[in-house]
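One-letter residues, chain by chain:
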Amino acid sequence: MEKTIIKIGVIALFAVLLNSACTKRTPENILKQQFNITLTGFDYKVETFEEQWNPNGDGYVFIVFNFNEITQSNINYLKSSGFKELPISQNNVIPDRLLFDKGYYLFENENKNDERDFKLFIVDTEKNKAILYYQYM
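Here's a quick rundown of the structure. Note that the coordinates shown come from a computational prediction; the quantities given were computed from them, not determined experimentally.

**With respect to the environment of Ile-75**
Inspection of the secondary structure assignment puts Ile-75 in helix H3 (residues 72-80). Note: C-alpha distance between Ile-75 and Thr-125 (50 residues apart in sequence) is 8.9 Å. Setting aside its immediate chain neighbours within four residues, Ile-75 contacts Ile-70 and Tyr-104.

**Here we look at H3**
Three or more residues of H3 are buried, namely Asn-74, Ile-75 and Leu-78. Looking down the long axis of H3, one finds its buried residues gathered within 100 degrees of arc, a one-sided arrangement. Residues of H3 that are exposed and point more than 90 degrees away from the buried face comprise Ser-73 and Ser-80. Of the surrounding elements, those touching the buried residues of H3 are strand E2 (59-69), strand E4 (103-108) and strand E5 (118-124). Once H3 ends, the next one or two residues include Gly-82, with phi positive near 95 degrees.

**Quick notes on the sheet that holds E2**
Read across the sheet, six strands follow the order E1-E2-E6-E5-E4-E3 without closing on themselves; strand pairing throughout is antiparallel. Looking at which strands have only one partner, the edges of the open sheet turn out to be strand E1 (43-53) and strand E3 (84-85). As defined by bridge partners, E4 adjoins E5 across six bridges and the pair is classed as antiparallel. The partner of Tyr-105 across the bridge, within E5, is Ile-122. Sitting on the sheet, helix H2 (residues 27-35) is in contact with E1, E2, E4, E5 and strand E6 (129-136), with an inclination near 65 degrees to E6.

**Considerations on the side chain of Gln-135**
As for its position among the elements, Gln-135 is in strand E6. Under the relative-accessibility criterion, Gln-135 is labelled buried at 10%. There is a polar contact of 2.7 Å between the side chain of Gln-135 and the side chain of Tyr-133. Not counting the four nearest positions on each side in its chain, Gln-135 is found in contact with Gly-59, Tyr-60, Arg-116, Asp-117 and Phe-118.

**So, the nonpolar core**
Ranked by size, the top nonpolar core spans 21 residues in total, and within it Leu-31, Phe-65, Phe-67, Phe-83, Phe-121, Val-123 and Leu-132 carry the most contacts. For this core, the secondary-structure elements that each account for two or more residues are H2, E2, H3, E4, E5 and E6. At four residues, the largest contribution of residues to this core is made by E2. Among residues more than four places away in sequence, those in contact with Leu-132 are Ile-30, Leu-31, Phe-35, Val-61, Phe-62, Ile-63, Phe-65, Leu-120 and Phe-121.

**Some points on the packing of aromatic side chains**
Applying the stated criterion across every chain yields a total of 13 aromatic pairs. Centre to centre, the rings of Phe-42 and Phe-67 are 5.4 Å apart; their planes meet at 45 degrees, and the pair counts as tilted. Here the residue Phe-42 occupies a position in the loop between H2 and E1, and Phe-67 occupies one in strand E2, the gap between them amounting to 25 residues. What makes Phe-67 buried here is its relative accessible area of 5%. The lysine or arginine in question, Lys-119, covers the ring of Phe-35, its NZ or CZ lying 5.3 Å from the ring centre.

Rules used in this analysis
- Residues numbered from 1 in each chain as written.
- Predicted model: local features only at pLDDT ≥ 70, side-chain atom pairs only at ≥ 80, totals over all residues.
- Heavy atoms only, no water.
- Helix = DSSP H or I, 4+ residues; strand = E, 2+ residues; numbered from the N terminus.
- Contact = heavy atoms within 4.5 Å.
- Buried < 20%, exposed > 50% of the residue type's maximum accessible area, 1.4 Å probe, protein only.
- Arc of directions from axis to C-beta.
- Pairing = 2+ DSSP bridges.
- Axes fitted to C-alpha atoms, helices over the stretch in contact; angles between N-to-C directions.
- Polar contact = N/O pair within 3.5 Å; in protein donor to acceptor, adjacent residues only side chain to side chain.
- Core = buried A, V, L, I, M, F, W, Y, C linked by side-chain atoms within 4.5 Å.
- Phe/Tyr/Trp six-rings, centres within 6.5 Å; stacked < 30°, edge-to-face > 60°.
- Lys NZ or Arg CZ within 6 Å of the ring centre and 35° of its normal.

Written out as structure tokens, the structure is:
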């Protein structure tokens, strides 16, 4: 009986470790999770990756991607994924540092009761940068 309990415990521990190893939070995984967007085919590097979460669940994620080049194929992918062309017309909550003039964006405000809960993925085609930012307050 003890051996069975030990075996089950080892299997459970292994499953937890395997799950945490397979679901590592990377900028690419976060982008895929939030917007179902992948940067496969883009020539980029991650410049900034910040996230801060409070015990109550409030917090934010801020990721900056630098592109060596944004090709027409990349732009076509963005457009086919539902991106809208900049500038963002109605904006009450997006900080100015996240706004660009030329490029494409996705914006979602899931919580209609609190406009501070939003997510944004914006691609600046002049500076060859993209920013993923989302927050829950």
